[in-house]
Amino acid sequence: MLLEEPQTSVNYYAHTPEAKPKDSANNSCWHPLAKHLQNVGDKAREFAEPLLADAAQQAGLLHDLGKYRMPFQKYLEGERSASVETHHAVYGAALAFKRGWLGPAFSIAGHHAGLHDMSDLQELVCGEKYDAMNCLSPLKGLFESELGKIPNQLNEPEFANPEKDKAITEFYVRMLFSCLVDADFLDTEQFKTGHERQPLKLDPETLLKRLQAHQDKFNSSSELNMLRNSVFQDCLTKAAEPRGFFSLTVPTGGGKTLSGMAFALEHARRHEMQRVIVVIPYLSIIEQNAAEYRKILDPKNDGIVIEHHSAVGAKNDVEERGPIPEELAAENWDGPVIVTTSVQFIESLFSNRASKCRKLHNVANSVVLLDEVQTLPSHLLNPLLHVLRDLMEHYRTSFVFSTATQPAFGRGVSLPNGLAENEVQEITSQPEELFRKLERVVYEVRSSPNNWSELAEEWTSKPQILGVVNTRRQAVEWWKLLRGQRKEGVLHLSSAMCAEHRAEVLKEAQRRLENNERCWLVATQVIEAGVDIDFPLVYRALGPLDSIVQAAGRCNREGFLSGKGRVVVFQPTDAKLPGGVYRVATEITARLIKQLSKEDLSANPSLFSRYFSELFQYVPTDHKHRRQCSIQEDREALRFREVARKAKVISDDTQTVIAPRKKAMEKVAAIREGNQTSGPRFFREDLRDLQRFMVNLQTRDFQKLDAMGLLCPLLPGMELRVLDTAAYHEHLGVVIDQRPTEDFIL
């Protein structure tokens, strides 16, 4: 493909306003290409300071080099013939590749299409399709006539040398890519809107004062509040330590949510770090925690706390009303305090897509709080820990592993990229003593199996009990038996219910507990992490050790009982378990629990290091199937698309539906009515309003419901479906043939 001769009298442009062809009488509203390249180079350099600055600036300057081609300029003028070639990223990538600038080459080539695998990049820049190498000379001449000479050498950081650690080189490419993509997005956004974003900066001193004032409200003489204040002060003291890895090992109810934030803000203040990122495993608690942070740190809703978690992937169906500051900040995490999910955080570290990687450079020089860290996916642990260390060592990021059940991330055969001995600093001064003082339950571990009828009979003499089981099917069976004995006060909770439905159940349970009314709640693991509810008696089916202890955290949580709460660990005769890690973890627990005393479960935090060390020996810590490379091997080979395909926290084998709750159906009716009267219109606000009514189903269950005619598109042609009322039980949530959907863990 030969390039047309450069035309020095031509004005070259990057974008048209709202993609409208140029008005030949007035082209002043177009976006000059040289200005765009300069702006993106400058922004990328700013984002990459200090280590990646030169490479990021050159990537920004060269990313749209191909727009100097006349076919692209004709495309902007409105020509849409088949001969008009709009691909432009390959040319700047080819120039960078020719000079041996690997990071800029990958970044430029992928700034629209996403990062390529190494073999694909080589084919793209050296192949015959675009003949990019032979087109560089005239493009380079046009560029240098407007922006000055392109340097022959590039200062890249020493740690990015692929001869030393290819996986570190891989993440360097991602960071460079993030700087370029975000700079490109922001400059284009500014051109389109006429406004430059003015993101809020972290002001840790002000936020600490607000947090301390809130904490001071609870400076009572009660032992529990005294212990919580002690943890809070430990966090402020430990924050003076240099950047690195920290653990916050606090029993449930010990106040780690706010104490962890105190550490993060003080650590950021002392080391001039740019933001705090809170990573929470479950959607069921992210809104709760974000609301608490917002109430304390952002009382005027100024955008200090940005909540970011996944909505339904229906972007093509969504019409934009206009930019919303909180949503814009969530796109690239450019805010003081970000509250997000494990899925968003982890998959962004391994994605090849521009939209997901865009935020990565804003993880640098931040404090990352990993809440309920024991829930990090074991099948991704080895590559994940490598990336976390890379972020800590080379990008000035600190990490806090926060949980009551601290896992063992030590380096070994099963975790070759694990953390070295003494690499993680414990924040609390005396964790063993803290657990002993906060011991609020006693455990009863049963050796003989119980059937559901026996358990239901046991409950008849107790007014308030929480029962936690391993599968949805078990929860439904137990619930039915209890409902057969007593209609009033028997509640059910599982992920077969939408978030709004679960919130209603928890609210009703809380009301009954506070008013000393009967409350028998049967739940799956959805209740175990972060749900603020307090029962005097908890039954937990034998499961993973950390799950048992998390369930116990819902017992005598506030220490209001005159004695200790009681946690019964039982073995159901229906011993069906979810497969994979959950089953292995339960088997290890069954062996381990026979060797433990009752006190070990409630007052020995070191127990979990032993448990997780054994678990990681039996489960994969990297995604690797027979005849496939591991993620870490793909990273070292610079196969970005392969890494993104494999590094999924949750299987892609799910579909989302809207539960037919009353409020949801009112919203659905309004959306459908609006589309009949004013044409197809669907806004992001609609997605946000509907999200609390959504349920994830396995694809096979989705297909069953579809075949039964129980799913209907929200709007014609949309993938998002609305569930028929016949398939949603008022107490149980989604059902198929009057029974729960196939079991899967939360």
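Residues numbered from 1 in each chain as written. Predicted model: local features only at pLDDT ≥ 70, side-chain atom pairs only at ≥ 80, totals over all residues. Heavy atoms only, no water.

**Quick look at the overall build of the protein chain**
Here's step 1: Looking only at helices and strands, the protein chain has 29 helices and 22 strands in total.
Here's step 2: Computed over C-alpha atoms, the radius of gyration of the protein chain comes to 28 Å, within 12% of the 27 Å expected from 2.2 N^0.38 for 746 residues, which places it in the range of a compact globule.
Here's step 3: Burial analysis of the protein chain (746 residues in total) assigns 56% to the buried set.
Here's step 4: Considering only residue pairs separated by 6 or more positions, the protein chain has 77% of its internal contacts joining residues 24 or more positions apart. (Helix = DSSP H or I, 4+ residues; strand = E, 2+ residues; numbered from the N terminus. Rg over C-alpha atoms; globule rule 2.2 N^0.38 Å. Buried < 20%, exposed > 50% of the residue type's maximum accessible area, 1.4 Å probe, protein only. Contact = heavy atoms within 4.5 Å.)

**Some thoughts on the state of the cysteines**
A covalent bond between the sulfur atoms of two cysteines is what we call a disulfide.
Here's step 1: Applying the stated criterion across every chain, the model contains zero disulfides.
Here's step 2: No disulfide involves Cys555; its nearest neighbouring cysteine sulfur is the one of Cys519, lying 13 Å away.
Here's step 3: What makes Cys555 buried here is its relative accessible area of 2%. (Disulfide = S-S within 2.5 Å.)

**Considerations on the packing of helix 5 (residues 102–109) against helix 6 (residues 118–126)**
Here's step 1: Relative orientation of the contacting elements helix 5 and helix 6 amounts to 80 degrees, with a least axis distance of 11 Å. The angle between helix 5 and helix 6 places the two elements in the roughly perpendicular class. The segment helix 5 lies against helix 6, with Leu102, Ala105, Phe106 and Ala109 engaging Met118, Leu121 and Leu124.
Here's step 2: Residue composition of the contact of helix 5 with helix 6, by class: seven nonpolar, no polar and no charged. (Axes fitted to C-alpha atoms, helices over the stretch in contact; angles between N-to-C directions. Parallel < 35°, antiparallel > 145°, perpendicular 65-115°, else oblique. Nonpolar A, V, L, I, M, F, W, Y, C, P; charged D, E, K, R; others polar.)

**Notes on the pattern of salt bridges**
Here's step 1: Tallied over the entire structure, the rule returns 43 salt bridges.
Here's step 2: The partner of Glu144 in a salt bridge is Lys140, with the nearest N and O atoms 3.3 Å apart. With Glu144 and Lys140 both in helix 7 (residues 136–147) and four residues apart, this pair spans about one turn of that helix.
Here's step 3: Two residues, Asp182 and Arg358, come together in a salt bridge whose shortest N-O distance is 2.6 Å. You can see Asp182 sitting in helix 8 (residues 166–193) and its partner Arg358 sitting in the loop between helix 15 (354–357) and strand 7 (366–371), a full 176 residues away along the chain.
Here's step 4: Via salt bridges that share partners, Asp182, Glu189, Arg197, Glu331 and Arg358 belong to a single interconnected network. (Salt bridge = Lys/Arg side-chain N within 4 Å of Asp/Glu carboxyl O.)

**Side note on the packing of aromatic side chains**
Here's step 1: A complete count under the given rule lists 21 aromatic pairs for this structure.
Here's step 2: Ring geometry for Phe409 against Phe616: centres 6.4 Å apart, planes inclined by 15 degrees, an arrangement best described as stacked. With a gap of 207 residues between them, Phe409 in the loop between strand 8 (398–403) and strand 9 (424–426) and Phe616 in helix 24 (residues 607–618) connect regions that are remote in the sequence. Each of the two residues, Phe409 as well as Phe616, counts as buried.
Here's step 3: Their ring planes at 75 degrees and their centres at 5.7 Å tell us that Trp478 and Phe570 sit as a pair that is edge-to-face. Of this pair, Trp478 sits in helix 19 (residues 472–485) while Phe570 sits in strand 15 (residues 565–570), and the two are 92 residues apart along the sequence. (Phe/Tyr/Trp six-rings, centres within 6.5 Å; stacked < 30°, edge-to-face > 60°.)

**Some points on unusual backbone geometry**
Here's step 1: The linkage connecting Glu49 with the following residue, Pro50, adopts the cis geometry, with an omega of -5 degrees.
Here's step 2: A positive phi is found at Asn365, a non-glycine position, where the angle reads about 55 degrees.
Here's step 3: Position of Asn365 relative to the elements: it lies in the loop between helix 15 and strand 7.
Here's step 4: Owing to a relative accessible area of 8%, Asn365 belongs among the buried residues under this scheme.

**Topic: the nonpolar core**
Here's step 1: Residues Tyr68, Leu297, Phe345, Leu349, Leu388, Phe399 and Leu714 are the most contacted members of the largest nonpolar core, which totals 205 residues.
Here's step 2: The element that contributes the greatest number of residues to this core is helix 8, accounting for 11 residues.
Here's step 3: When residues no more than four places from it in sequence are discounted, the contact partners of Leu388 are Phe245, Phe345, Leu349, Leu370, Phe399 and Phe401.
Here's step 4: Residues Trp452, Val469, Ala475 and Trp478 belong to the second largest nonpolar core, which totals 21 residues. (Core = buried A, V, L, I, M, F, W, Y, C linked by side-chain atoms within 4.5 Å.)

**Digging into the pairing of strand 6 (residues 337–341)**
Here's step 1: Along strand 6, five of the five residues are buried, which leaves the element largely enclosed by surrounding structure.
Here's step 2: Here strand 6 shows no split at all, with Val337, Val339 and Thr341 on one side and Ile338 and Thr340 on the other all buried.
Here's step 3: Taken together, the five bridges between strand 4 (residues 275–280) and strand 6 define a ladder with parallel strand orientation. Residue Val278 lies in a different strand from strand 6, and its bridge partner there is Val339.
Here's step 4: Judged from the four bridges that link them, strand 5 (residues 305–308) and strand 6 form a sheet pairing that is parallel. Its bridge partner being in strand 6, His308 is matched across the sheet by Thr340. (Pairing = 2+ DSSP bridges.)

**Re the packing of helix 9 (residues 204–216) against helix 11 (residues 256–271)**
Here's step 1: Between helix 9 and helix 11, the least distance of the axes is 9 Å, while the angle of their chain directions is 155 degrees. Judged by the inter-axis angle, helix 9 sits roughly antiparallel to helix 11. Remark: the crossing between helix 9 and helix 11 carries left-handed chirality. Packed against helix 9, whose contacting residues are Pro204, Glu205, Leu207, Leu208, Leu211, His214 and Gln215, the element helix 11 presents Leu258, Met261, Ala262, Leu265, Glu266, Ala268 and Arg269 at the interface.
Here's step 2: Split into classes, the residues belonging to the contact of helix 9 with helix 11 amount to nine nonpolar, two polar and three charged. (Left-handed = near helix turned anticlockwise from the far one by under 90°.)

**Digging into the sheet that holds strand 19 (residues 721–723)**
Here's step 1: The strand order across the open sheet built from four strands is 17-16-19-18, with neighbouring strands paired in mixed fashion. One side of each edge strand has no neighbouring strand; the edge strands of this open sheet are strand 17 (694–698) and strand 18 (711–713). Direction aside, neighbouring strands of the sheet carry axes that sit 45 degrees apart on average.
Here's step 2: Relative to strand 17, strand 16 (residues 654–658) runs antiparallel, the two sharing five bridges. Directly across from Gln655, in strand 17, lies its bridge partner Leu697.
Here's step 3: Contacting strand 16, strand 17, strand 18 and strand 19, helix 29 (residues 699–707) runs over the sheet at an angle of about 105 degrees to strand 17.

**Comments concerning the confidence of the model for the protein chain**
Here's step 1: For the protein chain, per-residue confidence averages 89 on the pLDDT scale, and 91% of positions sit at 70 or higher.
Here's step 2: Residue range residues 311–322 is modelled with pLDDT below 50. Its contacts to residues more than four positions away, or to other chains, number 22 contacts.
Here's step 3: Note on residues 740–746: pLDDT under 50 across the span, and 30 contacts to partners over four residues away in sequence or across chains. (pLDDT = per-residue confidence, 0-100.)

**Thoughts on the side chain of His214**
Here's step 1: By secondary structure assignment, the location of His214 is in helix 9.
Here's step 2: Beyond its immediate sequence surroundings of up to four residues, His214 is in contact with Leu258 and Ile296.

**As for the pairing of strand 16**
Here's step 1: Of the pairings in the sheet, the one linking strand 16 to strand 19 comprises two bridges and is parallel in character. Bridge pairing links Val657 to Arg721 in strand 19.

**A few points about the sheet that holds strand 7**
Here's step 1: Here seven strands make up an open sheet; going across it, the order is 5-6-4-7-8-3-9 and the pairing parallel. What marks the edges here is a single partner per strand, and that holds for strand 5 and strand 9. Strand-to-strand twist in this sheet, taken as the mean axis angle between neighbours without regard to direction, amounts to 20 degrees.
Here's step 2: Pairing analysis gives five bridges linking strand 3 (residues 245–249) to strand 8, with the strands arranged parallel. Bridge pairing in strand 8 links Phe245 to Phe399.
Here's step 3: Running over the sheet, helix 11 touches strand 3, strand 4, strand 6, strand 7 and strand 8 and is turned about 165 degrees from strand 7.

**What about the side chain of Glu372?**
Here's step 1: Positionally, Glu372 belongs in the loop between strand 7 and helix 16 (381–395).
Here's step 2: Among the polar contacts listed, one links the side chain of Glu372 to the side chain of Lys256, at a separation of 3.3 Å.
Here's step 3: Excluding anything up to four places from it in sequence, Glu372 contacts Lys256, Pro281, Ser402, Thr403, Ala529, Gly530 and Gln550. (Polar contact = N/O pair within 3.5 Å; in protein donor to acceptor, adjacent residues only side chain to side chain.)

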